[in-house]
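# Chain and residue survey
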Amino acid sequence: MVATRKTLGLSALAMVGVVAASNYLVQFPFKPFGLQDLLTWGAFTYPMAFLVTDLTNRKCGSKNARIVVAAGFAIAVLISIWLATPRIAIASGSAFLVAQLLDITVFNRLRRNSWWKAPLASSFFGSVLDTVIFFGFSFSASFAFLDLGFGMAPDVFPTEASSLLSLGLIDAPRWVSWAIVDYSCKMVVALFMLAPYRLLLSRQGALPTTA
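What follows is about the packing of helix H3 (residues 48–60) against helix H5 (residues 86–110). How two helices sit against one another is set out by the angle between their axes and by the gap between those axes. Look at H3 against H5: their axes get within 10 Å of each other, and the N-to-C directions meet at 40°. Considering the angle they form, H3 stands oblique to H5. The way H3 lies across H5 gives a crossing that is right-handed. Contact with H3, carried on its side by Ala 49, Phe 50, Thr 53, Asp 54, Asn 57 and Arg 58, involves Phe 96, Ala 99, Gln 100, Asp 103, Ile 104, Phe 107 and Asn 108 of H5 and no other residues of that element.

This is how it looks when you write it as structure tokens:
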């Protein structure tokens, strides 16, 4: 019990740290490879939230993993309210909570399979949902009423037509390119996160598989 509480506390701190770092780093464009208009540094740290959730799920079970997610959700909302508009705060909090809960569900379905299947599949589906909810709510013209509801004029820049992924082939709202690159980055990071996930599993030894 003491070990579980210690692990849970460390997991909650790690989740809060990931969320705080991601909300800070999202302010800085990722300039290498000419991606400064499509990607921020926050995209590289945010997927670590799935790593924290999956390790907590594997070690302490899904109920405790949801507690860690709740801690991250609370911090995500508070930081977003402070740094962003109400619309983006709603999008950020909703995307985080729904995506992480889906991650836990998918992980539990696959936890008895090969060690890599559960974290990779849960990150894949969780990241899809996170990207769709965040970018859709934050920038799509369909949700402009969220800005209007708070007495704010919608930001038209993300919805303006631009070359998709700057390839010059077709045009799409800018936020669509942002979402595609952001999701691609999440999946690359998720693949790299399999290595520390496996390492931490081996250090933990035999782990419970009950939800």
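There is more to say after this.
This next bit is on the side chain of Thr 56. Here Thr 56 lies in helix H3. Residue Thr 56 is classed as buried on the basis of its relative accessible area, which comes to 1%. At 3.1 Å, the side chain of Thr 56 forms a polar contact with the side chain of Ser 11. Apart from the residues within four sequence positions on either side, Thr 56 is in contact with Leu 8, Ser 11, Gly 61, Asn 64, Ala 65 and Val 68.

With that settled, consider helix H4 (residues 62–83). If you check H4, its first and last C-alpha atoms are 31 Å apart, about what 22 residues at 1.5 Å a residue would give, namely 32 Å. Those residues of H4 lying buried are Ser 62, Asn 64, Ala 65, Val 68, Val 69, Gly 72, Ala 76, Ile 79 and Ser 80. One face of H4 carries all of its buried residues, which in axial projection span an arc of 155°. Opposite the buried face of H4, at more than 90 degrees from it, the exposed residues are Lys 63, Leu 78, Ile 81 and Trp 82.

What follows covers unusual backbone geometry. Here Leu 165, not a glycine, exhibits a phi torsion of approximately 55°, which is positive. Inspection of the secondary structure assignment puts Leu 165 in the loop between strand E1 (161–163) and strand E2 (171–173). Since its relative accessible area comes to 27%, Leu 165 is described here as partly exposed.

Turning our attention to the nonpolar core. Core analysis: the largest hydrophobic core is formed by 19 residues, its most contacted members being Leu 39, Phe 135, Trp 178 and Tyr 197. Those elements that place two or more of their residues in this core are H3, helix H6 (117–139) and helix H8 (174–204). Sort the elements by how many residues they give to this core and H8 lands first, with nine residues. The residues contacting Leu 39, other than those within four sequence positions of it, are Pro 29, Phe 30, Phe 44, Val 181, Asp 182 and Cys 185.

This next bit is on the confidence of the model for the chain. Scored by pLDDT, the chain comes out at a mean of 90, with 95% of its residues at no less than 70. Here residues 206–211 is a poorly scored stretch, pLDDT under 50, and it has 15 contacts once near neighbours within four places are set aside; other chains count.

Tallied over the entire structure, the rule returns 16 aromatic pairs. When the centroid spacing of 5.2 Å and the interplanar angle of 65° are considered together, the rings of Tyr 24 and Phe 28 count as edge-to-face. Using a relative accessible area of 36% as the deciding quantity, one classes Phe 28 as partly exposed. Relative to Phe 96, the ring of Tyr 46 lies with its centre 6.4 Å away and its plane at 70°, an arrangement referred to as edge-to-face. Within this pair, whereas Tyr 46 is found in the loop between helix H2 (42–45) and H3, its partner Phe 96 is found in helix H5, the two being separated by 50 residues in sequence. Through a chain of ring-to-ring contacts, the aromatic side chains of Phe 134, Phe 135, Phe 139, Phe 157 and Trp 178 assemble into a single cluster. When the ring centre of Trp 115 is taken as origin, the NZ or CZ atom of Arg 198, which lies over that ring, is 5.4 Å away.

Rules and cut-offs
- Residues numbered from 1 in each chain as written.
- Predicted model: local features only at pLDDT ≥ 70, side-chain atom pairs only at ≥ 80, totals over all residues.
- Heavy atoms only, no water.
- Axes fitted to C-alpha atoms, helices over the stretch in contact; angles between N-to-C directions.
- Helix = DSSP H or I, 4+ residues; strand = E, 2+ residues; numbered from the N terminus.
- Parallel < 35°, antiparallel > 145°, perpendicular 65-115°, else oblique.
- Left-handed = near helix turned anticlockwise from the far one by under 90°.
- Contact = heavy atoms within 4.5 Å.
- Buried < 20%, exposed > 50% of the residue type's maximum accessible area, 1.4 Å probe, protein only.
- Polar contact = N/O pair within 3.5 Å; in protein donor to acceptor, adjacent residues only side chain to side chain.
- Expected span 1.5 Å × (residues − 1).
- Arc of directions from axis to C-beta.
- Core = buried A, V, L, I, M, F, W, Y, C linked by side-chain atoms within 4.5 Å.
- pLDDT = per-residue confidence, 0-100.
- Phe/Tyr/Trp six-rings, centres within 6.5 Å; stacked < 30°, edge-to-face > 60°.
- Lys NZ or Arg CZ within 6 Å of the ring centre and 35° of its normal.

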